[in-house]
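# Residue-level structure breakdown
This is what each chain is made of:
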Amino acid sequence: MKKKILVLGGGPCGLSAAWELSRYGHDVTVIEKESRVGGLCITNEYKGYRFDLGGHRFISKNKELVENVCNMMGNELLTAQRKSVILLQGKTFEYPLSAKDIFLKMDLWTNLKAFTSYVIAAISRVIFRKKDISFEDWIVNRFGRTLYNFFFGPYTEKLWGISPKLISTDWASQRISLLNLKDVIFRLFKLKKGTPRTYAKGYFYPKKGIGQMFDIMSEEISKMGGRIILNATVSGIQISKNGVESICYTQYGAAKTIDCDAVISTIPLPDLIKVFPGYQVQDVIHHTASLKFRSVRFLNILVDLPDISDNTWMYVSEGKYITTRIQEPKRRSPFSAPEGKTSVMLEIPCNENDEIWNCSGESLLKRCLADLKELGIDIQDKVIDYFTTSVIHGYPVYSLDYAMHRQKLFDFLDQYENLITCGRQGTFRYIFMDTAMEMGITAAQNLMLDNACKKTDVQLMRSEKELIEVTSVTA
Ligand SMILES: Cc1cc2nc3c(=O)[nH]c(=O)nc-3n(C[C@H](O)[C@H](O)[C@H](O)COP(=O)(O)OP(=O)(O)OC[C@H]3O[C@@H](n4cnc5c(N)ncnc54)[C@H](O)[C@@H]3O)c2cc1C
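Residues numbered from 1 in each chain as written. Predicted model: local features only at pLDDT ≥ 70, side-chain atom pairs only at ≥ 80, totals over all residues. Heavy atoms only, no water.

A separate point is the site of the ligand. Around the ligand there are 36 residues in total, and Glu32, His56, Arg57, Gln425 and Ile431 lie nearest to it. The separation between an oxygen atom of the ligand and a polar main-chain atom of glycine 39 is 3.5 Å. Arginine 424 places a main-chain nitrogen or oxygen 2.8 Å from an oxygen atom of the ligand. In isolation the ligand offers 1000 Å² of accessible surface; the protein chains occlude 95% of this area. Within the residue set of the shell around the ligand, elements represented by two or more residues are helix H1 (12-23), strand S10 (232-240), strand S18 (383-396), helix H16 (423-426) and helix H17 (433-448). (Near = heavy atom within 4 Å. Polar contact = N/O pair within 3.5 Å; in protein donor to acceptor, adjacent residues only side chain to side chain. Areas by Shrake-Rupley, 256 points an atom, 1.4 Å probe, with all protein chains shown as cover. Helix = DSSP H or I, 4+ residues; strand = E, 2+ residues; numbered from the N terminus.)

What follows is the structure, given as structure tokens:
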């Protein structure tokens, strides 16, 4: 039966849901706050240069998803190989960390300290059964205090803006590199065989930036009869005994209402809760205040040089530099800059309305050019122009008790059978765009087939406590 389904938010998750629903002939409408679709996956064009909001790349374990994206993109999809490094104390380390690289580049004293603290950590884990409560424990218990202080601690604190003691272990298990010293030692003494796991190196990237993928997807949705309403902010939900009846939104200052049979929400989970009538959420509203997002500013610099480096990403650990990652968009697609020129993009984590968020573009440029020079990238005399961009909902902050607060909100939403929340913002999960897309598609299938799977199956997709980015179906 044809259903009238509303999708809140036109990022990768919402668009993928609408893509799937319109393929099966449902009456689908996407309500998107911004003047364009794509969410965190947009690409800004300026004077012939292209910049994503942070360097994106498309990888996925899901063969069907990859095939569908390849078919949709045709010749517009390129493939590239990832090469990333960590810039630290004047040295360049491989990323992910490799024990051999650390051993060769660090001085003897630091190597000794690193080895001793690793052995102490390993023994304490076995003898004292040390538990991982925070991100810091997780790392120190596996790598030792020296490597934690050197690589992981300062970077993590800069990225999240809080002490790693206050960050949940959930982030570590999926994100931290494959540096496994036990594995390295076992292989060295031939006690272990087989190929060590490595990060997915090959990836897909559209010629005109990551945003091109979602521009094409939105064109397809429109061709199949789906509607996308832009500049429309979801502002209210109307409930009846059958569940969600209609959604209210504001567009150019005017309040509008649209009826529905079902809703797929991909807008930030706290924002969704806040648009319910007050009496509905009185028992859970305080949990929304505990789910915080880390924001990011991006400094996009147009550079009068043909190339800067051959790295996809350069990670910057030290706290004295405000950036966490430096990226040269041309490494992803040669169409990111005019011929003979290049560009640089810096990711600068911050909180909405803090000093970095409010600082002028000019001051940010001045500070970052000085930092870049210290890091060995001197482009002071080569800047053609620059601009800054920003996102409020960059990263869901995994505080120690975030999962409890999130679960309370999921439990509240569970009473509405015709509403499902999904995506990075909708589930408050640190997921990549491929998982966001899978969630959107599965949520759509769930509604089309009358709750074919549990909502939690959608919301917890790819939550296995193993490294993401290890395997990928790529070219
Ligand atoms: C710096 C950075 C680098 C990244 N790099 C990669 C990468 O290399 N590879 C990768 O796979 N992933 C990467 N990601 C993650 C990727 O961007 C996300 O996983 C993906 O965008 C999530 O899609 P989504 O649709 O769930 O959320 P979003 O993209 O955030 O979309 C949500 C949408 O909802 C809209 N919205 C919000 N509130 C309202 C409202 N009240 N009313 C209407 N609309 C609303 C927003 O405007 C937005 O369009 C990166 C993320 C960041 C921050």
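This part covers the domain arrangement of the protein. It is common to give the size of an interface as the accessible area lost on bringing the parts into contact. Under the domain assignment, the protein is made up of domain 1 (4-35 + 212-285 + 399-459) and domain 2 (98-188). Taking only C-alpha atoms, the centre of domain 1 and the centre of domain 2 are 38 Å apart. With five residues of domain 1 at the contact, the number on the domain 2 side is 11 residues. In total, domain 1 and domain 2 occlude about 630 Å² of area from one another, counting both sides; carbon and sulfur atoms represent 59% of this. If you sort the residues of domain 1 by the area they bury against domain 2, Leu400, Tyr402 and Tyr430 come out on top, with a joint share of 77%. Seen at the junction of domain 1 and domain 2, the total is zero salt bridges. Applying the counting rule to domain 1 against domain 2 returns two residue pairs in polar contact (both at pLDDT 80 or more). When the residues that make up the side of domain 1 that touches domain 2 are grouped by side-chain class, the tally is four nonpolar, one polar and no charged. (Domains from an automatic or database assignment. Contact = heavy atoms within 4.5 Å. Buried area = accessible area lost by both parts, 1.4 Å probe. Salt bridge = Lys/Arg side-chain N within 4 Å of Asp/Glu carboxyl O. Nonpolar A, V, L, I, M, F, W, Y, C, P; charged D, E, K, R; others polar.)

Turning to the pattern of salt bridges, a few remarks are in order. According to the stated counting rule, one finds 16 salt bridges in the structure shown. Across the pair glutamate 20 and arginine 23 runs a salt bridge whose closest N-O atoms are separated by 2.9 Å. On the criterion of helical spacing, the pair formed by glutamate 20 and arginine 23 is a turn pair, its members being three residues apart in helix H1. A salt bridge links arginine 325 to glutamate 347; its shortest N-O distance comes to 3.1 Å. Taken together, the positions of arginine 325 in strand S16 (residues 325-327) and glutamate 347 in strand S17 (residues 342-350) put the pair 22 residues apart, joining distant regions of the chain. Residue arginine 325 shares its accessibility class with glutamate 347, and that shared class is buried. A single salt-bridge network, built from bridges that share partners, covers Asp307, Glu328, Lys330 and Arg331. (Buried < 20%, exposed > 50% of the residue type's maximum accessible area, 1.4 Å probe, protein only.)

Note on placement: histidine 393 falls in strand S18. In this structure the C-alpha to C-alpha distance between histidine 393 and phenylalanine 293, which are 100 residues apart in sequence, comes to 5.3 Å. Every residue in contact with histidine 393, bar those within four places of it in the chain, is listed here: Leu40, Pro268, Asp271, Phe293, Arg294 and Gln425.

Next up on the list: unusual backbone geometry. In this structure, glutamine 89 is a non-glycine residue whose phi angle is positive, near 45 degrees. Relative to the helices and strands, glutamine 89 resides in the loop between strand S6 (84-88) and strand S7 (91-95). Relative accessible area serves as the criterion here: at 49%, glutamine 89 is assigned to the partly exposed category. For phenylalanine 428, which is not a glycine, the phi torsion comes out positive at approximately 55 degrees. When its relative accessible area of 0% is taken as the criterion, phenylalanine 428 is described as buried.

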